[in-house]
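Chain by chain, the residues:
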Amino acid sequence: MGTQKILKTVLYIITVVLLWIVVLFTLRACPNVRAEIDLQKQAKQICDECNIENGIVSVVLTEKEDSDEVDCFVKLVLLEEYSFSEEDLYNCITRLYEMKTDLKERTMKTVVNIRSANEIYTFYPTAKTLFKNDMFLYCALPDENEIPTTLKEGMKERYIYVEDGQADKVLALGDFDDLKNYKKWYTFYKGSHFRYRKVTVCYWDYENDCPTEGYITEIQEIEVPKPVESTTAYKGYVPKPSKDDYKDLYDDDYDWYYADEYNDPEDFYEDYYDDFEDFEEAYDYYYDHVD
């Protein structure tokens, strides 16, 4: 009998301890459960207000070990039969990142994942840009009084025409699939091919190591000396022949423009711009004849 009493006592103590563990765990988890329910309601309301009415949104809170930070995972599933603007989607995602709830002195880190059967959407919170299938889709516009009137480094590509209007030439350098090394050259001639502005635009946020909307990285004001036609010949002067002078005597592989004497295709083009339709043709010629 004594042994049975001891066993009952031990079982009773174990049961009480387990109950206390369950109670403590429940008390600790309840605030997170309430917070998760609250965030789920907020997320659904945000989708409705941003016209993403048929999107399916879910929220999961996960605690980090030995940390006061709680991860908030938001999953937004866009069905095949949907219609909304890129601005609506951008605003919806931005607001999902900004959701708040009471976590009793604990901080919350939010990650929004966007899923679609046909498209791949990517949102970069730091750069505040939205991409679709790795192509820039949307970035919030500033207020009208913040729109620049002059070109400046760091300015968004969408404002590149504010000072000189439409660019005379646009040349893409690199492969768009490799945005880290992709850029564009915008050339604005100012009434003459001997004075122009070249603007370089890049598409990579090097600080955050992610793609971003095109922005200006360099502005060059270039003046090219006008050629002076000499009226007198002097001993030892041998003018460079033009391609048109001997185009019927030699094949196209001969370098009549001495391209290998130039270190840069832009310098080459500045000397022979009249002989090519545009910079791209001169660019191709340069690399066809330079090892």
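Keep in mind that what you see is a predicted model, and the values were worked out from it rather than measured. (Residues numbered from 1 in each chain as written. Predicted model: local features only at pLDDT ≥ 70, side-chain atom pairs only at ≥ 80, totals over all residues. Heavy atoms only, no water.)

**Focus on the pairing of strand 8 (residues 183-192)**
The cut-off we apply is this: Strands were regarded as paired on the criterion that DSSP finds at least two bridges between them. Helical segments are the DSSP runs of H or I of at least four residues, strand segments are the runs of E of at least two, and each set is numbered from the N terminus.
By the bridge criterion, 5 bridges tie strand 7 (residues 169-173) to strand 8 in an arrangement that is antiparallel. If you follow Lys169 over to strand 8, its bridge partner there is Thr187. As paired elements, strand 8 and strand 9 (residues 195-205) share 8 bridges and run antiparallel to each other. Directly across from Ser192, in strand 9, lies its bridge partner Arg195.

**Looking at the nonpolar core**
Here is a general trend for soluble globular proteins: nonpolar side chains tend to be buried in one another's company. As a reminder, the rule being used: Grouping buried Ala, Val, Leu, Ile, Met, Phe, Trp, Tyr and Cys residues that are joined through side-chain atoms within 4.5 Å yields what is termed a nonpolar core. Only protein chains enter the area calculation, which uses a 1.4 Å probe; residues under 20% of their type maximum are buried, those over 50% are exposed, and those in between are partly exposed. Only heavy atoms enter the contact rule, under which two residues are in contact if any of them lie within 4.5 Å.
If you look at the biggest cluster of nonpolar residues, it comprises 29 residues, and the most contacted ones within it are Ile52, Val74, Leu76, Leu78, Leu89, Cys92 and Leu96. Listed by contribution, the elements that provide at least two residues to this core are helix 1 (2-49), strand 1 (56-63), strand 2 (69-78), helix 2 (86-97), strand 3 (107-116) and strand 4 (121-124). Beyond its immediate chain neighbours, meaning those up to four positions away, Leu96 contacts Ala43, Ile46, Val74, Leu76, Thr110 and Val112. By size, the runner-up hydrophobic cluster in this structure holds 19 residues, among which are Leu171, Tyr189, Phe268 and Tyr269.

**Regarding helix 2**
Keep this limit in mind: By this rule, a helix spans an expected 1.5 Å times one less than how many residues it contains.
Given a rise of 1.5 Å per residue, 12 residues ought to cover 16 Å, and the 17 Å separating the end C-alpha atoms of helix 2 matches this to within 8%. The set of residues buried in helix 2 consists of Asp88, Leu89, Tyr90, Cys92, Ile93, Thr94 and Leu96.

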